[in-house]
There are 2 protein chains.
Amino acid sequence: MLKTPYLLFLGDAPDQLAAKVAQGIKDWRPEHCVGQLRLEGCKANLGLKDMTVEEARAAGAETLVVGAANRGGVISSSWMATLTAAAEAGMDIASGLHNRLTAQKPLVEAAEKAGTQLFDVRVPQEEYPIADGKKRAGKRCLAVGTDCSVGKMYTALAMEREMRQRGMKATFRATGQTGILITGSGVPLDAVVADFMAGAVEKLTPDNDADHWDLIEGQGSLFHPSFSGVTMALIHGGQPDSLVLCHEPTRTHMRGLPHYGLPSLEALRDLALVTAQIVNPDVTVTGISVNTAALSAEEAKACLEEIESRMGLPTIDPFRDGAGRLVDALS
Amino acid sequence: MLKTPYLLFLGDAPDQLAAKVAQGIKDWRPEHCVGQLRLEGCKANLGLKDMTVEEARAAGAETLVVGAANRGGVISSSWMATLTAAAEAGMDIASGLHNRLTAQKPLVEAAEKAGTQLFDVRVPQEEYPIADGKKRAGKRCLAVGTDCSVGKMYTALAMEREMRQRGMKATFRATGQTGILITGSGVPLDAVVADFMAGAVEKLTPDNDADHWDLIEGQGSLFHPSFSGVTMALIHGGQPDSLVLCHEPTRTHMRGLPHYGLPSLEALRDLALVTAQIVNPDVTVTGISVNTAALSAEEAKACLEEIESRMGLPTIDPFRDGAGRLVDALS
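Along each chain, residues carry numbers from 1 onward, in the same order as the chain's sequence is written. The naming scheme follows written order: chains are lettered A onward, ligands numbered 1 onward. Reporting of local features is limited, given that this is a predicted model, to residues whose pLDDT is at least 70; pairs of side-chain atoms are given and counted only at 80 or more, and all residues count toward the totals for whole chains, interfaces and linings. Water and hydrogen atoms play no part in the side-chain values, which are based on all heavy atoms of the structure.

Details of helix α10 (residues 297-311) of chain A
What sets the pattern is the α-helix's 3.6 residues per turn: residues three or four places apart point alike. Residues and elements named next belong to chain A. A run of H or I in DSSP counts as a helix once it spans at least four residues, and a run of E counts as a strand once it spans at least two, with each numbered from the N terminus. To estimate how far a helix should reach, multiply one less than its number of residues by 1.5 Å. Compared with the 21 Å implied by 1.5 Å per residue over 15 residues, the 21 Å span of α10 between its first and last C-alpha is a close match. Listed in full, the buried residues belonging to α10 are Ala300, Cys303, Leu304, Ile307 and Met311. End-on, the buried residues of α10 take up no more than an arc of 95°, which puts them together on one face. Of the exposed residues in α10, those oriented more than 90 degrees away from the buried face are Glu298, Lys301 and Ser309. In the stretch just after α10, Gly312 is the one whose phi turns positive, near 65°. Under the scheme applied here, a residue whose accessible area is under 20% of the maximum for its type counts as buried, over 50% as exposed, and between as partly exposed, the area being computed with a 1.4 Å probe on protein chains only. Arc definition: it is the arc formed by the directions from the helix axis to the C-beta atoms.

Brief notes about the nonpolar core
Nonpolar side chains tend to gather and get buried jointly when the protein is soluble and globular. Core analysis: the biggest nonpolar cluster contains 88 residues, and Leu189 of chain A together with Leu189 of chain B have the highest contact counts within it. Whether two residues are in contact is decided by their heavy atoms, any of which lying within 4.5 Å being enough. With residues up to four places along the chain from it excluded, the contact list for Leu189 of chain A reads Thr175, Met197, Ala200, Val201, Val230 and Leu234 of chain A together with Ala194 of chain B. Each nonpolar core is a collection of buried residues, namely Ala, Val, Leu, Ile, Met, Phe, Trp, Tyr and Cys, held together in the definition by side-chain atoms within 4.5 Å.

Brief notes about the interface of chain A and chain B
Contact residues are listed per partner, giving 35 residues for chain A and 35 residues for chain B. The term buried area means the drop in 1.4 Å probe accessible area that two parts suffer when joined, counted for both and summed. Taking both sides of the interface into account, the surface hidden between chain A and chain B amounts to around 2,600 Å²; carbon and sulfur atoms contribute 64%. In protein, a polar contact means a hydrogen-donor-capable atom and an acceptor-capable atom, both N or O and within 3.5 Å, with residues adjacent in sequence counting only if both atoms are side-chain atoms; elsewhere, any N or O pair within 3.5 Å suffices. Our count for the chain A to chain B interface comes out at twelve residue pairs in polar contact (both at pLDDT 80 or more). Secondary structure elements with two or more residues in the side of chain A that touches chain B: α7 (197-204), α8 (228-238) and α9 (265-276) of chain A. Grouping the constituent residues of the side of chain A that touches chain B by class yields 22 nonpolar, nine polar and four charged. Only Asp, Glu, Lys and Arg are considered charged in this grouping, and only Ala, Val, Leu, Ile, Met, Phe, Trp, Tyr, Cys and Pro are considered nonpolar; every other residue, Gly among them, is considered polar.

A closer look at the pairing of strand β4 (residues 92-95) of chain A
Residue and element names in this part refer to chain A. Alternating positions in β4 separate into two faces, Asp92 and Ala94 on one and Ile93 and Ser95 on the other, with burial throughout. Strands were regarded as paired on the criterion that DSSP finds at least two bridges between them. Pairing analysis gives three bridges linking strand β3 (residues 63-66) to β4, with the strands arranged parallel. Within β4, the position partnered with Thr63 by the bridge is Asp92. The path from the first strand over the helix to the second decides the hand: if it runs clockwise while the strands point away from the viewer, the crossover is right-handed. In terms of handedness, the path from β3 via helix α3 (residues 80-88) over to β4 forms a crossover that is right-handed. Judged from the three bridges that link them, β4 and strand β5 (residues 118-120) form a sheet pairing that is parallel. Note on β5: the bridge partner recorded for Ile93 is Leu118. Between the parallel pair β4 and β5, the chain is carried across by helix α4 (residues 105-114), and the sense of this crossover is right-handed.

Regarding the pattern of salt bridges
Basic side-chain nitrogens of Lys or Arg form a salt bridge, by our definition, when they fall within 4 Å of a carboxyl oxygen of Asp or Glu. The tally for this structure, following the rule as stated, stands at 42 salt bridges over all chains. Across the salt bridge formed by Glu248 of chain A and Arg251 of chain A, the nearest N and O atoms sit 3.9 Å from each other. On the accessibility criterion, Arg251 of chain A (22% relative accessible area) is partly exposed. Glu305 of chain B is the partner of Lys301 of chain B in a salt bridge, and the nearest nitrogen-oxygen pair spans 3.1 Å. Taken as a pair, Lys301 of chain B and Glu305 of chain B lie in helix α10 (residues 297-311) at a separation of four residues, close to a single helical turn. When its relative accessible area of 45% is taken as the criterion, Glu305 of chain B is described as partly exposed. Because the salt bridges share partners, they merge into one network encompassing Arg29, Glu160 and Arg164 of chain A.

In structure tokens:
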């Protein structure tokens, strides 16, 4: 569990996209962000107050979050002075990049000396049990996709926000590094050892109040040969009551696999439902979330209407329309 | 890749069942076994020549395989003198037990000094890629089960033996520790990190001659919530041309999960087929393998006939009948 609030470190991000992790934190947990720290040459800007390490600490920052990636997705050597200073100043450091904070010797020494912690959120931080498949109290909604990277995290976060605004009990459950940095906790599922995947998801979504909903971040796709096993473990460990289908209508092939076409939403619905029924016979598909960013407003409207009439399910783009209709469909 | 031939170490196995790994090696790879080594109190016997470490080495043994488990499935301290002597005598040591050979300091020192190797086959020994799902040359057959431990490994090994006896090109591909010890190589799939499961299976079953068959050892079950993700990765990484359904007809609930009933063979056929078609549209279910060990000869015959007429697929118990009809169905 990461300590809040955060100082968002943008490093020397060459453009706004390189700071998308920081952007996600700021979009979904603005209350956790005291400011941003940008190095010389940084081209990203979150519109937060620029702060030095000292200013952020004085403003109460407990954790510096590495919210940017350079080419290669590794911790840059030009960042080390700032990260070390933050550790020395009493802040924990959190990163989702490929190389580890805990492999940077000067940083480890500084953190030890100051009694602060280094969190590599790509690395599982705890032991997970083998799943037992027992029915748990409370409700769970899982986003499943026709492909990877079609908006599953965004959909679950948008539903959580909508539900909280309505005064419902709702918790986004992160299963990837960006989600973990946004919410401060979760399971980096793609780094968990095979035997413990489903158990990790069970632990992430435990017994809860009968009217509480977990909004579980999806991973991969049942139709993506590289990662379908992870998706399967999410479905069986997550024990969903509700499935939301996620889709990107302009994609021409599975992400990273030009030789694989996308499944239809019908095929996704049928396969996700039959696999989820193994752990919860009462599961239903309650809605469809479409990422229409690549379409004009008019095209998006037509696309959503076509899918809604074809599938007979509430179909929205949560970025354009909010997640209200997906939440309505849960009750 | 383990070096053959083996000395099979039975330790102080309290009964024959405790030596089932050694029994498997002796049953399926008798040509790899020079003898057995039993300590005082050992109640198991493979009918191989009893040998000391020195005798086995003189007879050419290259690897001592720990083929027994005590209660708890760990390496027993009473075994250490023998294992250390074997390492000193120039033999590699291989084990599939929970605690690691490489964590036993005296053994590690002896092996280093003698230049011999310690293989913990539960631990992945190499790096695996992320799966790319590309079509590979050669044919693949995967055993999938209504549950865990219903005879998937036995079925694949029996098919390999039958095919080799017919002069066909066939290779059993091990995905669990017993299979790895039997054949000397493979992937301990349940210990592989989630993102690399399917890639590990692709690497295990690479391009091959057009008339070569891989017989891939199954793991878990699509219907077993604890391990279904592993099974899914096997199906998508294995890219099977043929699926053989495996079943144990007297089982009343999923292994380890008394609150889960078993799926029907029809449900297994349908779900395995639709998931396998994602990576190979031409895949077919070619036969059914039933473990009838708990039935009398008459009951077994009736059971197999009933399933065969219901499912319309060749249905055999490879232990009773051999795997001939499953192999016939491949061509």
